[in-house]
Amino acid sequence: MYDLQDTTTNELAKYLTQLLPELCDNWWQEMVLAVLNPRQKDNLLKSKYTTLDNLDLAALLRIFDQNWFRISAHMEYEPEQRHFLKEMISIRNRWAHRNSNPVSDDDLYRDLDTVQRFLKMIDADSKLIDEIQQQKQEVFKVSAQEHVQPTGQHPTEG
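Notes on the structure follow. Since this is a predicted model, take the numbers as computed values, not measurements.

What the protein contains, in helices and strands, is 8 helices and 0 strands. Scanning the protein from its N terminus toward the C terminus, one meets helices and strands in the order α-α-α-α-α-α-α-α. Taking all 158 residues of the protein together, 39% fall into the buried category. Considering only residue pairs separated by 6 or more positions, the protein has 66% of its internal contacts joining residues 24 or more positions apart.

What follows is the structure in structure tokens.
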């Protein structure tokens, strides 16, 4: 999931880099700097970077969320598509602050499904979307096997 977050960061940076200048001439000031939280803004200003590909996933999701209405009107998103964005924020936070407890197959499947839907929404690379589909199928298969055959029990035991 961590590699997938890195890839999602890259895809979202590309998407916003292409989209935001279409929405506003002064997009860097109005749609990036104006919406970052103080820590994110301070880090960005200290770094002297002026491109979105230098921001982390949390900052990029915040930019997307804070500019949702302008972006969704331009892209003609359905109102329920905002749920994918909100869930992405939750997924990012959960994985960034994860403890040592294992993630359940159900939660992993749901996270993969949400990431896949989000990436489709931002027209991400189709190979990446297909890879996530494969990962979902693997998680589903493992989960189904565990439900059919309890751990440690031989199929002939009953």
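Before going further, it helps to spend a moment on the nonpolar core. Membership of the largest hydrophobic core comes to 43 residues, with the highest contact counts inside it found for Leu 12, Leu 16, Leu 20, Leu 52 and Phe 64. Mapped by element, the contributors of at least two residues to this core are α1 (2-23), α2 (27-33), α4 (57-66), α5 (68-75), α6 (82-96), α7 (105-121) and α8 (126-148). When residues in this core are grouped by element, the largest group, 8 residues, is from α1. Among all residues touching Leu 52, those that are not within four sequence positions of it are Ala 13, Leu 16, Thr 17, Leu 20, Trp 27, Trp 28, Val 32, Leu 60 and Ile 63.

Calculation rules
Residues numbered from 1 in each chain as written. Predicted model: local features only at pLDDT ≥ 70, side-chain atom pairs only at ≥ 80, totals over all residues. Heavy atoms only, no water. Helix = DSSP H or I, 4+ residues; strand = E, 2+ residues; numbered from the N terminus. Buried < 20%, exposed > 50% of the residue type's maximum accessible area, 1.4 Å probe, protein only. Contact = heavy atoms within 4.5 Å. Core = buried A, V, L, I, M, F, W, Y, C linked by side-chain atoms within 4.5 Å.

None of this, on its own, says anything about what the molecule does.
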